[in-house]
Amino acid sequence: MGSLDNATPKGSTLCTKNPLLDPEEFRRQGHMIVDFLADYYRNVENYPVRSQAEPGYLKKRLPNSAPYYPEPIETILKDVQSHIIPGLTHWQSPNHFAYFPSSASIAGILGETLVAGITCCHRAGNDSDGLACRGFSLPKSFMFSGNGGGVLLGTTCEALLTTIVATRDRALSTRAAGSNNRFVVYGSDQTHCSFHKSAKIAGINPNNIRKIKTTNSSNFGLRADLLRLAVKDDVEAGLIPLFLCATVGTISTTAVDPIGSLCDVANEYGMWVHIDAAYGMHAFARSSEVTLTGVEGADSFSFIAHKWFFTSLDCCCLWVKDPKALRNKESDSNQVVDYKDWQIALSRRFRSLKLWLVLRSYGICNLRKFIRKHVDMAAYFEGLVNKDSERFEVVVPRLFSTVCFRISPATIIQHRLYNRWHDHEKTHALPASNDHDDHNHILINDINQELLESVNASGRLYMTHGFVDGMFLIRFSVGASLTEQRHIINAWKTVQEYAQKVVVLLRANSSSSKIPL
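The structure reproduced in this document is the subject of the present report. Given the structure is predicted, the values throughout are model-derived calculations rather than measurements.

Turning our eyes to something else, we now look at the overall build of the protein chain. Per the secondary structure count, the protein chain includes 14 helices and 11 strands. Taken as a whole, the protein chain presents about 24900 Å² of accessible surface, with 54% of it coming from carbon and sulfur.

Structure, rendered in structure tokens:
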């Protein structure tokens, strides 16, 4: 795979012409890479979804030094196929149901190619950011035409850090020095970890980062009454409520916080409200399950186009109602949008070009159809789980295209304890004891965790887990561009197959505390 050996390798020649941007050589190699990727997508279904490689496998294959002489693209692509592809987790596999989707498309990939090829920091890059942000149905107050504005960033982390810093600086401008240590920011225990990270980077005291507990009774959404209690306690303690992050589509269960009532509480205390809709903004597909009621009360809003909007990574859309919080004096003339003040970095990628390509190539009508199809396939999977209610349960009501399920506690307890208590003429129920209850809780989580790991290790599909209120659940998230109904059916058959092995082993190993698969 290349080295710094000073000896000229056989077949290699030193460059005698400009090799960096020769148009015809670019054309030749570009065709080869497109063909390589087309073959990859044609065959991706045949690869184990989750990487089967051992950690550190590639380090053992790499040479001790970087290549000194050039190598042909043919050799490099062979190495990619032989050494890189086997180590990948294939996010574009139709059998990838883990995390949230990172859905690719022809327009998204070619748009990214255009962005890289033009390598532009031109004025058009700024103008088209605002154009691309108009493709989504947000209140006019978030648009440039309504004195708001939008910008394209890389990730939610950047959007959160940008808005926390903006409201921090705005608050400091009217307060005495040293107030920063009294600022408090609020989220729930389901808010994405980037919120905590961004707050710390912005200088918020880690002790002042609130993670308000959620429960199954509210479908793990952040309750406004609990937020009010937390804020009231902080005010009485002499602290300053600064920022609230509400979520539309949490990581573990895709919960939707009650935006309107949360904004009401936050506005009473002069807090900035940011809505993290990285995944859930795709409700714009007119999904009947979800609405964005109350968004007009927020100060900023973000969603990730590279998550479920068929735009290649990275692309995060951020809107704000008051761009003055992000502007400098030079941009206050309103003659120019100085986007360097709307983000952390000074340099900007031309992300809007690839998003613009996606919007133009498919149109809102087709993008909604694609997303609706994923939602329908998730609903179908949910139905399959419910049909096998003797063994499985849906843990929380499905929103969007993610189903949260597990082997039911009743199934595990029944098969686990039947033999132990049958000889004593006991029922399947456990004695009333906290020790037994705790043991069962751990057992239920362990068995579902082992079910998930065994399915993933098979390579036939890939799912991930959530952990809420002490409960381990399995997440099945539909969104890969190549996924069809047959992949949903085959995935469920695989889950059933491995679950049956669990049940059999439960019967045979009722005295063990952990069931080997």
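Glancing now at the nonpolar core. The biggest cluster of nonpolar side chains holds 49 residues, and the ones touching the most others in it are Tyr-186, Leu-244 and Phe-301. Ranked by residue count, the leading element in this core is helix H11 (residues 351–387), at 7 residues. If sequence neighbours within four positions are ignored, Tyr-186 has contacts with Phe-195, Arg-210, Ile-212, Leu-227, Ala-230, Val-231, Asp-234, Pro-241, Phe-243, Leu-244, Cys-245 and Met-271. If you look at the next biggest cluster of nonpolar residues, it comprises 32 residues, including Ile-447, Leu-451, Phe-472 and Val-495.

What follows covers the state of the cysteines. Enumeration over the complete set of coordinates arrives at 0 disulfides. Lacking any disulfide linkage, Cys-157 is separated from the closest cysteine sulfur, that of Cys-193, by 6.9 Å. The thiol of Cys-316 is unpaired, and the distance to the nearest cysteine sulfur, on Cys-317, comes to 6.6 Å. A residue is classified by how much of its surface remains accessible, and Cys-316, at 0% relative accessible area, is buried.

Here the focus is the sheet that holds strand S5 (residues 272–276). The 7 strands lie next to each other as S1-S7-S6-S5-S4-S2-S3, forming an open sheet whose pairing is mixed. Either end of the sheet is taken by a strand with one partner, and the two such strands are strand S1 (149–153) and strand S3 (209–212). The sheet shows a mean angle of 20° between the axes of neighbouring strands, direction not considered. In terms of strand pairing, strand S2 (residues 183–188) meets S3 through 4 bridges, oriented parallel. Paired with Val-185 across the bridge in S3 is Ile-209. Those strands touched by helix H8 (residues 224–236) are S2, S3 and strand S4 (240–247), and its axis lies near 165° from that of S2. Across the sheet, helix H9 (residues 259–268) is in contact with S4 and S5; its angle to S4 comes to roughly 175°.

Buried residues dominate strand S6 (residues 300–304), accounting for 5 of its 5 residues. Across 3 bridges, the pairing between S5 and S6 is parallel. Across the sheet, residue Ile-275 finds its bridge partner in S6, namely Phe-301. Sheet topology note: the S6/strand S7 (residues 316–320) ladder contains 5 bridges and is antiparallel.

Let's shift gears to unusual backbone geometry. Cis peptide bonds are those with omega within 30 degrees of zero, and the linkage from Leu-313 to Asp-314 qualifies with 5°. Checked against the element boundaries, Asp-314 lands in the loop between helix H10 (305–308) and S7. One non-glycine residue, Tyr-99, lies in positive phi territory at about 50°. With respect to the element layout, Tyr-99 can be found in the loop between helix H3 (73–84) and helix H4 (106–118). By relative accessible area, which is 40% here, Tyr-99 ends up partly exposed.

Thresholds applied
By convention here, each chain's residues receive numbers from 1 onward along its written sequence. This being a predicted model, a pLDDT of at least 70 is required before a residue's local features are given, and a value of 80 or more before pairs of side-chain atoms are given or counted; all residues contribute to the totals for chains, interfaces and linings. Each side-chain value is worked out from all heavy atoms of the structure, with water and hydrogens disregarded. Comment: elements are numbered from the N terminus, with helices defined as DSSP H or I runs of at least four residues and strands as E runs of at least two. Only the protein chains shown count as cover for residues, and the accessible areas themselves come from Shrake-Rupley with a 1.4 Å probe. In plain words, nonpolar cores are sets of buried Ala, Val, Leu, Ile, Met, Phe, Trp, Tyr and Cys residues tied together by side-chain atoms within 4.5 Å. Categorising residues by exposure relies on relative accessible area from a 1.4 Å probe, with only protein chains included: less than 20% of the type maximum marks a residue as buried, more than 50% marks it as exposed, and the intermediate range marks it as partly exposed. The contact criterion used throughout is that any non-hydrogen atoms of two residues lie within 4.5 Å. Pairs of cysteine sulfur atoms within 2.5 Å are identified as disulfides in what follows. Two strands form a pair only when DSSP identifies at least two bridges running between them. Note on geometry: axes are C-alpha line fits, over the in-contact stretch for helices, and angles between N-to-C directions span 0 to 180 degrees.

Keep in mind that these numbers describe shape and distance, not what the molecule does.
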